[in-house]
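Here is what each chain is made of, one letter per residue.
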Number of protein chains: 2
Amino acid sequence: MKVFKEIPGSIIAPKGFRASGVFCDIKKLGTGKGSNKGQKRDLALIVSETPATVAGMFTTNQVCAAPVKICVERVKKFGRAQVVVVNSGNANACTGKQGLADAREMVSFTERAFNFPAGSALVGSTGRIGVTMPMDNIRAGIIEAAIELGSTTEHADHAAEAIMTSDSRSKQIAIEFKLGGKTVRIGGICKGAGMIQPGMSATGARPAALPHGGLHATMLSFITTDAAIDAKVLQTALNEAVAHSFNRITVDGDMSTNDTVLVLANGLAENSEFGIRSAEFKKFQAALNHVALELAKKIVRDGEGVHRVVTVRVNGAKTIQDADAAARAVANSALVKTSWHGGDPNWGRIIDAIGYSPAKVVEEKIDIGYSAVAEPAFAKSASARQEKILWSLKRGQPTPATFKELCAAVAPKEFELHINLNLGQANAVMYAADLTEAYVDYNKGDVTDPTTLGG
Amino acid sequence: MKVFKEIPGSIIAPKGFRASGVFCDIKKLGTGKGSNKGQKRDLALIVSETPATVAGMFTTNQVCAAPVKICVERVKKFGRAQVVVVNSGNANACTGKQGLADAREMVSFTERAFNFPAGSALVGSTGRIGVTMPMDNIRAGIIEAAIELGSTTEHADHAAEAIMTSDSRSKQIAIEFKLGGKTVRIGGICKGAGMIQPGMSATGARPAALPHGGLHATMLSFITTDAAIDAKVLQTALNEAVAHSFNRITVDGDMSTNDTVLVLANGLAENSEFGIRSAEFKKFQAALNHVALELAKKIVRDGEGVHRVVTVRVNGAKTIQDADAAARAVANSALVKTSWHGGDPNWGRIIDAIGYSPAKVVEEKIDIGYSAVAEPAFAKSASARQEKILWSLKRGQPTPATFKELCAAVAPKEFELHINLNLGQANAVMYAADLTEAYVDYNKGDVTDPTTLGG
């Protein structure tokens with residue numbers, strides 16, 4: 001596992017990208033407009049100097065928001081884009097024909113604002129479900145955001161803030177690496193918090209291989225790179241990166257109507273283009289994986305009410321589907337998640353969840369243990385990792401590990417849970433959150449103030 | 001829907017049954033023994049004067065407790081029993097060969113205590129997972145419980161209390177009806193609280209038709225009847241009754257290692273035996289359905305931290321599997337359950353859960369609405385029911401119903417949620433609980449006191 005050098009600036013770090021984030025009162029709080037009025041920004045623009053190749057991954061929820069439909073269509077049809085417009089405060093989901101017309105107006109208004117050809121813009125939305133978009137505010141916001149565009153870290157900060165909903169902090173990363181002698185950068189921003197268990201595919205359609213129930217936040221992520229890369233090659237890399245990052249996280253097991261990851265690659269790093277069998281692809285893939293996984297983990301750490309983050313590793317399943325099913329059952333069990341919150345090394349609840357999962361398991365073969373979060377160096381070898389595990393259960397039976405020792409293992413804010421099914425060679429990992437009173441309190445909302453009731 | 005006359009006495013109401021519940025310190029709190037020492041009773045006996053036919057339904061969790069294994073084996077092999085021994089405080093799950101030997105000792109010790117032939121006893125356990133049974137206490141408890149046996153409502157109360165874990169109150173019912181000119185009675189007790197989404201089958205094996213994820217408390221229920229009924233006919237009736245009651249409830253979506261329903265029928269009502277094509281069977285089935293459903297609903301109402309109980313009705317699905325999958329996705333969604341707790345009529349979260357469920361759905365066809373809990377008379381006609389619904393969404397679009405009206409519809413402690421998929425004729429119902437801070441607080445446990453950390 002290569003460790004990449006992190007640099008500041010997230011989405012504006014790669015050459016030729018500019019960003020902005022403004023307040024245009026999308027929730028119609030009526031508390032004044034303008035990004036300098038102390039209101040939370042709610043509209044972002046990300047713009048490339050030159051047309052970029054593009055790849056996307058989208059929610060497989062059958063109830064899918066209008067902006068997702070527009071992006072699925074455009075990424076497939078054009079494979080290129082130059083600007084992304086994103087709003088928070090309104091998901092434009094379950095808004096029928098009007099919603100679809102509004103999403104189309106968002107992209108075409110943005111294209112006209114920049115005098116870009118039709119097909120140059122993509123769109124993302126997050127917020128309440130079932131409320132029609134305030135298009136006057138949106139149009140005013142797009143114009144203001146276009147004026148505010150720039151390429152300082154502050155501009156990236158503003159864009160990252162503008163896409164937040166219940167997030168407590170913005171989520172950004174950028175890295176730099178060498179590709180074919182050229183310096184290439186990848187930067188990204190994302191948002192999450194609740195309704196988080198993404199299950200995305202490139203077309204929004206469910207692949208047959210995706211397990212039932214393994215599909216579930218609104219999470220949005222926008223990634224920029226100055227790499228020169230063909231759209232199809234970029235999509236291949238994004239499929240793989242999302243499969244090992246955003247599609248492996250869960251806060252509450254609910255999959256949103258709006259989950260979207262978009263990557264824009266404008267080629268300004270001037271590397272030679274590469275195919276999927278090349279050494280360059282392998283390097284680019286590793287870099288994109290790193291960006292996607294770090295962003296995905298930031299979403300879990302900042303999930304609604306989250307106190308602890310647990311990496312659930314299931315090893316030794318008969319099939320990948322079994323490994324995934326067991327990991328998701330544990331990662332989404334209300335009883336397991338509340339025990340993590342309480343710092344309770346309750347293996348009974350864990351083996352219970354494994355047992356009711358669709359995975360084929362044999363009680364007498366199951367091992368359950370804990371370790372500190374794997375540092376990159378330590379993660380190099382699976383056997384080295386196994387050596388550092390404090391086992392609570394071996395072959396279905398409690399080990400001599402004491403309750404005090406086990407409590408210490410689950411006390412850190414982040415730890416790893418290792419489950420060996422000892423039935424085969426297939427593995428899966430989930431990055432999961434605990435379930436806290438704060439999550440419940442936040443999500444029960446306040447019916448005296450409907451604006452707090454999120455979609 | 002026939003309304004049955006309820007009578008007192010639960011499991012001792014049918015002729016020839018006696019019961020008891022005593023304290024034998026199964027959690028080894030060391031705070032003194034004896035049922036009259038003010039401690040919570042933790043061991044129950046249910047005994048029939050004469051050998052009874054028996055039927056059972058058991059958890060389909062692949063991690064399955066020793067008492068479940070014993071019962072699956074005995075119900076199949078003998079189809080008859082005369083005594084059931086049940087303990088709380090220890091689930092005897094994940095206890096390996098010792099656990100299985102202990103469960104066998106529980107039945108054989110009980111048989112010897114009554115001088116019953118081998119194969120006459122059944123056993124149930126609930127409580128912590130992974131702790132070996134305190135057999136000295138168990139044996140002492142069985143002897144004391146045998147001495148305490150009686151057939152007053154107080155005896156039934158003691159047995160119902162002895163099987164409780166996190167339950168706040170005991171759960172009992174008995175009804176009386178005429179069968180072939182004879183007065184027949186069915187009585188039952190149960191316990192639930194957490195780890196509640198049973199998915200039981202007669203053999204503990206998963207039927208192919210049972211949907212993935214549709215399998216999940218420890219719930220125990222023991223039902224007695226003085227009906228004369230063949231064991232196979234009784235099992236047929238129990239399969240049907242459980243399918244529409246215990247297997248349709250969820251508190252937290254976690255299926256236990258110990259879920260068990262047992263019915264003992266001793267024939268002392270002296271009705272003529274009947275086959276499954278007879279009018280008598282239909283009547284017996286309706287009566288057993290009533291007992292099972294009323295007990296199942298008591299479990300949801302008394303679930304850990306539960307404030308609101310919601311009947312989720314999915315109608316118009318293409319297949320039963322789809323109807324079931326959509327109902328379970330909604331009933332187990334953390335975001336939907338927290339909105340119920342908050343009294344928030346948030347249809348966005350509901351349609352989101354429907355959309356990510358494995359069920360085939362079309363956003364533009366989905367209706368979502370609310371009604372008061374159907375009274376038996378009102379429930380007679382599906383069309384009458386539909387008339388009383390306040391719709392929040394019709395064909396995927398918000399109705400003119402006001403936020404205030406919708407808030408009023410979800411304010412009661414119990415209400416019905418109606419989802420019409422408008423794609424076919426298949427229906428499913430789930431009896432679900434909200435998700436509250438109290439649930440989280442209870443289940444995060446107290447690691448300074450390991451005896452509070454339930455399995």
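Starting afresh in each chain, residues are numbered from 1 along the sequence in its written order. Starting at A for chains and at 1 for ligands, labels are handed out in the order in which the entities are written. Reporting of local features is limited, given that this is a predicted model, to residues whose pLDDT is at least 70; pairs of side-chain atoms are given and counted only at 80 or more, and all residues count toward the totals for whole chains, interfaces and linings. Based on all heavy atoms of the structure, the side-chain values leave hydrogens and waters out of the count.

### Quick word on the relation of the copies chain A and chain B
What connects the two chain copies is a rotation about an axis and a shift along it. Here is the rule: Least-squares fitting of one copy onto the other uses the C-alpha atoms of those residues that reach a pLDDT of at least 70 in both copies. Residue contacts follow a heavy-atom distance rule, with two residues in contact if any of their heavy atoms lie within 4.5 Å.
Rotating chain A by 180 degrees and moving it 0.0 Å along the rotation axis overlays it on chain B with an RMSD of 0.0 Å. The superposition of one copy onto the other is thereby described by a two-fold rotation axis. Minimal C-alpha separation from the rotation axis in chain A is found for A:Glu437, amounting to 2.3 Å. A share of 98% of interface residues in chain A that are also interface residues in chain B marks the association as one of identical surfaces.

### Quick notes on the confidence of the model for chain A
Residue and element names in this part refer to chain A. Our working rule: A residue's pLDDT is the predictor's confidence in that residue, given on a scale from 0 to 100. Numbered from the N terminus, helices here are DSSP runs of H or I no shorter than four residues, and strands are runs of E no shorter than two.
Residues of chain A with pLDDT of at least 70 account for 90%, and the chain-wide mean is 90. The lowest-confidence element of chain A is helix H10 (residues 382–387), averaging 63 in pLDDT; the highest-confidence one is strand S2 (residues 17–22), averaging 98. Contacts from residues 208–217, a stretch scored under 50 in pLDDT, to residues over four places away or in other chains number 34 contacts. In the predicted structure, residues 451–455 sits below a pLDDT of 50 and forms 19 contacts with residues beyond four places in sequence or in another chain. The ipTM value of the predicted complex is 0.87, and its pTM value is 0.89.

### A closer look at the sheet that holds strand S16 (residues 414–420) of chain A
Residue and element names in this part refer to chain A. Quick note on the threshold: Strand pairing is assigned whenever DSSP detects at least two bridges linking the two strands.
Spatially, the 7 strands line up as an open sheet ordered S10-S17-S12-S16-S13-S14-S15, and their pairing is mixed. Looking at the sheet topology across the chains shown, the edges are occupied by strand S10 (249–250) and strand S15 (397–398). As paired elements, strand S13 (residues 367–371) and S16 share 5 bridges and run antiparallel to each other. Across the sheet, the residue bridging to Ser371 is Glu416, located in S16.

### A few points about the side chain of B:Asn346
All names here are of chain B. To keep things clear, this is the line we draw: Burial classes follow relative accessibility: with a 1.4 Å probe on protein chains only, a residue under 20% of its type's maximum area counts as buried, one over 50% as exposed, and anything between as partly exposed. Polar contact criterion, stated in full: a pair of N or O atoms within 3.5 Å, where within protein one must be able to donate a hydrogen and the other to accept it, and residues adjacent in sequence count only if both atoms are side-chain atoms.
The residue Asn346 is located in the loop between helix H8 (334–342) and helix H9 (347–356) in this model. Under the relative-accessibility criterion, Asn346 is labelled buried at 3%. Looking at Asn346, its side chain comes within polar contact range of the main-chain nitrogen of Gly348, at 3.1 Å.

### Re the pattern of salt bridges
Think of it this way: side chains of opposite charge can pair up when their charged atoms draw near. Threshold: What makes a salt bridge here is a side-chain nitrogen of Lys or Arg within 4 Å of a carboxyl oxygen of Asp or Glu, nothing more.
Considering all chains together, one arrives at 38 salt bridges over all chains under this definition. Here A:Asp136 and A:Arg139 are joined by a salt bridge, their closest N and O atoms 3.0 Å apart. With A:Asp136 and A:Arg139 both in helix H3 (residues 135–148) and 3 residues apart, the pair spans about one turn of that helix. Given a relative accessible area of 57%, A:Asp136 falls into the exposed group. For A:Arg139, a relative accessible area of 25% translates into the label partly exposed. Measuring nitrogen to oxygen at the nearest pair gives 3.3 Å for the salt bridge that ties B:Glu161 to B:Arg41. Separated by 120 residues along the polypeptide, B:Glu161 in helix H4 (residues 153–162) and B:Arg41 in the loop between strand S2 (17–22) and strand S3 (43–59) bring together distant segments of the chain. One continuous salt-bridge network, built from bridges that share partners, spans A:Glu105, A:Arg112, A:Asp136 and A:Arg139.

### Quick notes on helix H7 (residues 320–332) of chain A
Residues and elements named next belong to chain A. Short version of the rule: The span expected for a helix works out to 1.5 Å for each residue beyond the first.
Between its first and last C-alpha, H7 extends 18 Å over 13 residues, near the 18 Å set by a 1.5 Å rise per residue. Where H7 is concerned, the buried positions are Asp322, Ala323, Asp324, Ala325, Ala326, Ala327, Arg328, Ala329, Val330 and Ala331. Packing partners of the buried residues in H7 comprise S10, strand S12 (309–317), helix H8 (334–342), helix H9 (347–356), S16 and strand S17 (426–433).

### A look at the side chain of B:Asp367
Residues and elements named next belong to chain B. Here Asp367 lies in strand S13 (residues 367–371). A distance of 2.9 Å separates the side chain of Asp367 from the side chain of Asn422, its partner in a polar contact. Here Asp367 is in contact with Trp391, Leu393, Lys394, Arg395, His418, Ile419, Asn420 and Asn422, once residues within four sequence places are set aside.

### Section: the packing of aromatic side chains
Residues and elements named next belong to chain A. To be explicit about the condition: For this analysis, a ring pair means two rings from Phe, Tyr or Trp (six-membered ring only for Trp) whose centres lie within 6.5 Å, classed as stacked if their planes differ by under 30 degrees, edge-to-face if by over 60, and tilted for the remaining angles. Counted as over-ring charges are cases with an Arg CZ or a Lys NZ within 6 Å of the ring centre that also lie within 35 degrees of the ring normal.
Enumeration according to the criterion identifies 8 aromatic pairs over all chains in this entry. Centroid distance Tyr370 to Phe415: 5.7 Å. Interplanar angle 70 degrees. Geometry classified as edge-to-face. Taken as a pair, Tyr370 in strand S13 and Phe415 in strand S16 lie far apart in primary sequence, 45 residues in all. As far as burial versus exposure is concerned, Tyr370 and Phe415 are alike and both buried. Taking NZ or CZ as reference, Lys394 lies 4.2 Å from the ring centre of Trp391, over its face.

### Quick notes on the interface of chain A and chain B
Going by this rule: Accessible surface is computed with a 1.4 Å probe, and the buried area is the amount of it that two parts give up when combined, taken over both parts together. Gly is placed with the polar residues, together with every amino acid not listed as nonpolar (Ala, Val, Leu, Ile, Met, Phe, Trp, Tyr, Cys and Pro) or charged (Asp, Glu, Lys and Arg).
Across the contact, 65 residues belong to chain A and 66 residues belong to chain B. Where chain A abuts chain B, roughly 5100 Å² becomes buried across the two surfaces, and 55% of that area is made up of carbon and sulfur atoms. Broken down residue by residue, the surface that chain A buries against chain B is led by A:Gln62, A:Tyr356 and A:Glu363, which jointly contribute 13%. A:Glu363 is the salt-bridge partner of B:Lys69, the closest N and O atoms lying 3.9 Å from each other. For the interface between chain A and chain B, the tally reads 26 residue pairs in polar contact (both at pLDDT 80 or more). When contributions to the side of chain A that touches chain B are tallied by element, the ones reaching two or more residues are H8, H9, S15, helix H11 (403–409) and helix H12 (437–444) of chain A. Top element by residues in the side of chain A that touches chain B is H9(A). It accounts for 8 residues. Of the residues belonging to the side of chain A that touches chain B, the class tally is 26 nonpolar, 26 polar and 13 charged.

### Describing unusual backbone geometry
Residues and elements named next belong to chain A. Despite not being glycine, Ser10 has its phi angle at roughly 35 degrees, a positive value. Checked against the element boundaries, Ser10 lands in the loop between strand S1 (5–6) and S2. Although it is not a glycine, Glu270 sits at a positive phi angle of roughly 65 degrees. Looking at the element boundaries, Glu270 is found in the loop between strand S11 (260–265) and helix H6 (279–301). Look at Glu270 and you get exposed, because its relative accessible area is 58%.

### A word on the environment of B:Met133
All names here are of chain B. Structurally, Met133 can be placed in the loop between strand S5 (121–128) and helix H3 (135–148). For the pair Met133 and Lys27, spaced 106 residues apart in the sequence, the C-alpha separation amounts to 9.1 Å. Those residues in contact with Met133 that sit more than four places away from it in its chain are Asn87, Asn90, Asn92, Asp102, Met106, Ser125 and Ile138.

### Describing the pairing of strand S6 (residues 171–179) of chain A
Residue and element names in this part refer to chain A. With 7 of its 9 residues buried, S6 lies for the most part within the structure. Pairing analysis gives 2 bridges linking S1 to S6, with the strands arranged antiparallel. When the sheet's bridge partners are listed, Glu6 is paired in S6 with Ile175. Across 9 bridges, the pairing between S6 and strand S7 (residues 182–191) is antiparallel. Its bridge partner being in S7, Ala174 is matched across the sheet by Gly187. Between the antiparallel neighbours S6 and S7 lie 2 residues, among them Gly180 with a positive phi of about 55 degrees.

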